[in-house]
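Breakdown of the fold
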Amino acid sequence: MEILVKGKILVTNTEAKELLNEVKSESSTKETRRPLIAQEMTKQVLAYLEGTSVCNVTGQEVAATLKRLAAFPPLAGQEGLRQTEMFNIVNVRPSTLVEMFAIIDHAEVRFGDDKLEELLDLIQAELSPPPESEEAPEGDAEAAGEQQDEDVES
């Protein structure tokens, strides 16, 4: 296969999920079926995207978040967020400064800790929270372990 026209279109995980769901529903209603490999790839990619932290984020939330990220001010004289950084922020949905440092080049120089905290607050305000995991949080597991220790000593 050869790429004839090189495009520069970036899509977020949410947009990819919406597009694949659309393709899946269209192919199930049409008389012509897509090749089995294409159906299987669609199924596997959708399964992966459903397991990510942004599986319940809508396209409207993504658009609003990208708009606010594009306008987010850096420190004086520094470069703002790049398009790839904004898309990674939406895809990863970081919740800690460490995650922000991994996504944004020279984050501390360009934004500083206070601005990055503001950015984390913006992300939490704009994007739906990730679904609750079925595992117990660490604090609960530790508390349960301590309770077991006390029961054994009794």
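What counts and how
- Residues numbered from 1 in each chain as written.
- Predicted model: local features only at pLDDT ≥ 70, side-chain atom pairs only at ≥ 80, totals over all residues.
- Heavy atoms only, no water.
- Helix = DSSP H or I, 4+ residues; strand = E, 2+ residues; numbered from the N terminus.
- Expected span 1.5 Å × (residues − 1).
- Buried < 20%, exposed > 50% of the residue type's maximum accessible area, 1.4 Å probe, protein only.
- Arc of directions from axis to C-beta.
- Contact = heavy atoms within 4.5 Å.
- Salt bridge = Lys/Arg side-chain N within 4 Å of Asp/Glu carboxyl O.
- pLDDT = per-residue confidence, 0-100.
- Phe/Tyr/Trp six-rings, centres within 6.5 Å; stacked < 30°, edge-to-face > 60°.
- Lys NZ or Arg CZ within 6 Å of the ring centre and 35° of its normal.
- Axes fitted to C-alpha atoms, helices over the stretch in contact; angles between N-to-C directions.
- Parallel < 35°, antiparallel > 145°, perpendicular 65-115°, else oblique.
- Left-handed = near helix turned anticlockwise from the far one by under 90°.
- Nonpolar A, V, L, I, M, F, W, Y, C, P; charged D, E, K, R; others polar.

Observations concerning helix α1 (residues 13-29)
When the terminal C-alpha atoms of α1 are compared, their 24 Å separation across 17 residues agrees well with the 24 Å that a helix rising 1.5 Å per residue should span. Residues Thr14, Lys17, Leu20 and Ser27 constitute the buried set of α1. Along the axis of α1, the buried positions cluster into a sector of 160°, meaning they face one direction only. Facing away from the buried side of α1 by over 90 degrees, the exposed positions are Leu19 and Thr29. Buried residues in α1 make contact with α2 (36-50) and α3 (59-70).

What to know about the pattern of salt bridges
Going through the model one piece at a time under the given rule, you end up with 6 salt bridges. Residue arginine 68 pairs with glutamate 126 through a salt bridge whose shortest N-O separation is 2.6 Å. Taken together, the positions of arginine 68 in helix α3 and glutamate 126 in helix α7 (residues 112-126) put the pair 58 residues apart, joining distant regions of the chain. The class of arginine 68 is partly exposed, set by a relative accessible area of 41%. Residue glutamate 126 is classed as buried on the basis of its relative accessible area of 18%. With a closest N to O distance of 2.9 Å, arginine 82 and glutamate 79 form a salt bridge. On the basis of relative accessibility, which here comes to 40%, the residue glutamate 79 falls in the partly exposed class.

Some points on the confidence of the model for the protein chain
Of the residues in the protein chain, 81% reach a pLDDT of 70 or more, and the chain-wide mean stands at 83. Ignoring residues within four places in sequence, the model shows residues 139-154, a span with pLDDT below 50, making 0 contacts including any to other chains.

Re the packing of aromatic side chains
Applying the stated criterion across every chain yields a total of 1 aromatic pair. For the ring pair phenylalanine 72 and phenylalanine 111, a centre distance of 6.0 Å and an interplane angle of 40° mean the geometry is tilted. Placement of phenylalanine 72 in the loop between α3 and α4 (83-92) and of phenylalanine 111 in the loop between α6 (107-110) and α7 is noted, with a sequence separation of 39 residues between them. Residue phenylalanine 72 is classed as buried on the basis of its relative accessible area of 8%. In this structure phenylalanine 111 comes out as buried when scored by relative accessible area, which is 1%. In this arrangement the basic side chain of lysine 115 is found over the ring face of phenylalanine 72, its NZ or CZ atom lying 5.8 Å from the centre.

Section: the packing of α1 against α2
Packing of α1 against α2 brings their axes to within 10 Å, and their N-to-C directions diverge by 140°. The pairing of α1 with α2 is recorded here as oblique in orientation. The crossing of α1 and α2 is left-handed. Counted together, Asn13, Ala16, Lys17, Leu20, Asn21 and Lys24 of α1 and Thr42, Val45, Leu46, Leu49 and Glu50 of α2 form the full contact between these two elements. Here the contact of α1 with α2 is composed, by residue class, of 5 nonpolar, 3 polar and 3 charged.

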